[in-house]
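Structural characterization, general
Take a look at the letters that make up each chain.
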Amino acid sequence: MADWARENTVSSVFSCLAVHGAVLHLDGVTRHKLPTKCFGVFAQTKTRHHPLMQDVPRTFRIPHARWNEVQEEDLSDCGYSVLTWSAEAGVDCFVKQQKNSLFVHFQGHPEYETQSLLGEYRRDMGRFLRGENEVCPTIPRGYLNKGAEEILIAFRQKALSDRQPELFADFPADQLTRDLSNVWHLPAQHIYRNWLQYMVSQPAGRSKPLGSREAAPSAAGIPAHRHGRKLVAARSARLARSPNPATKRRLGYYE
């Protein structure tokens, strides 16, 4: 699919496990096993100015749910540009022009709905209680309020001390969903709107690298933000055209 996409699309988006498969296949970037699951909603920072990050706060939060990661040094060595990074979760968003297509990668899940992490935790807990997985899932970090987290801690302790499939019926989903909030919705909207703006800015049958002089003639050079790892300077630009009204409505532009 990645080979087809770089020849036949203007841009493609990859998330989580699809990212690891794409960068391994195209550039030989291998993923690394994490000691524990990266699971929760983590603060991350923009590492450079880039059109995809237009109007996105300098620091924002995005859900992650994975057992592996690709690392910044490996990506940079293969020509990828890292756009966001987290002290807790590592690299999140990074991009590279792959022939005709701008490939956009998220190790996290900006597309997740409010209850997605809770649903994933519930699924993993069910697997543990049924003996399908020997690892009792850790509670997602930065996701629940204090009261909900205490409820989930109590359930997890019970699962560890009295592991049996019947306990799954007592999973306190209703109690946990009452006060959930989606803090990543707005920055994720901005990122995807910027991506759509790039898509519609491209002439039919042509693709230009996002942030290039031709694609964004008003771009001004801005130095990259550094966080202790090697990054190169990037160019920032506002894209010329916006999505059509129907697309805006689908993305909640008029909310």
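In short, a report on the structure.

Criteria and thresholds
Residues numbered from 1 in each chain as written. Predicted model: local features only at pLDDT ≥ 70, side-chain atom pairs only at ≥ 80, totals over all residues. Heavy atoms only, no water. Core = buried A, V, L, I, M, F, W, Y, C linked by side-chain atoms within 4.5 Å. Buried < 20%, exposed > 50% of the residue type's maximum accessible area, 1.4 Å probe, protein only. Helix = DSSP H or I, 4+ residues; strand = E, 2+ residues; numbered from the N terminus. Contact = heavy atoms within 4.5 Å. Pairing = 2+ DSSP bridges. Axes fitted to C-alpha atoms, helices over the stretch in contact; angles between N-to-C directions. Salt bridge = Lys/Arg side-chain N within 4 Å of Asp/Glu carboxyl O.

Describing the nonpolar core
In terms of nonpolar packing, the biggest core is built from 39 residues, with Val104, Met125, Leu129 and Tyr143 touching the most fellow members. Of all the elements in the fold, those that place two or more residues in this core are strand S2 (32-46), strand S3 (59-69), strand S7 (93-98), strand S8 (101-106), helix H4 (116-129), helix H5 (146-161) and helix H7 (185-201). It is H4 that contributes the most residues to this core, 6 residues altogether. With near-sequence residues (within four places) excluded, Met125 lies in contact with Cys136, Pro137, Phe155, Arg156 and Ala159. One finds Ala5, Phe14, Ala22 and Val23 within the second-largest nonpolar core, a separate group that totals 16 residues.

Side note on the sheet that holds S7
Ordered by their spatial adjacency, 4 strands build an open sheet running S1-S8-S7-S4, and the pairing between neighbours is mixed. Of all the strands in the sheet, just strand S1 (11-15) and strand S4 (81-82) have a single pairing partner and so form its edges. For S4 and S7, the ladder comprises 2 bridges, and the chain directions are antiparallel. Along S7, the bridge assignment pairs Val82 with Phe94. Strand contacts of helix H2 (residues 17-27): S1, S7 and S8, with the helix running at about 120° to S1, the strand carrying the most contacts. Sheet strands in contact with H7 are S1, S7 and S8, and its direction is about 155° off that of S1.

Here we look at unusual backbone geometry
For Cys16, which is not glycine, the phi torsion reads 55° and is therefore positive. Relative to the elements of secondary structure, Cys16 occurs in the loop between S1 and H2. Cys16 gets classed as buried once you look at its relative accessible area, which sits at 6%. Non-glycine residue Asp55 carries a positive phi angle of around 70°. Looking at the element boundaries, Asp55 is found in the loop between S2 and S3. When its relative accessible area of 49% is taken as the criterion, Asp55 is described as partly exposed.

Quick look at the pattern of salt bridges
For the structure on display, the rule yields 11 salt bridges. Put simply, Arg127 and Asp124 hold a salt bridge, and the shortest N to O gap is 3.9 Å. Separated by 3 residues within a single helix, Arg127 and Asp124 lie in helix H4, roughly one turn from each other. Of the charged contacts, one joins Arg130 and Glu132 as a salt bridge, the two residues approaching to 2.9 Å between their closest N and O atoms. Take Arg130: its relative accessible area is 43%, and that puts it in the partly exposed class.

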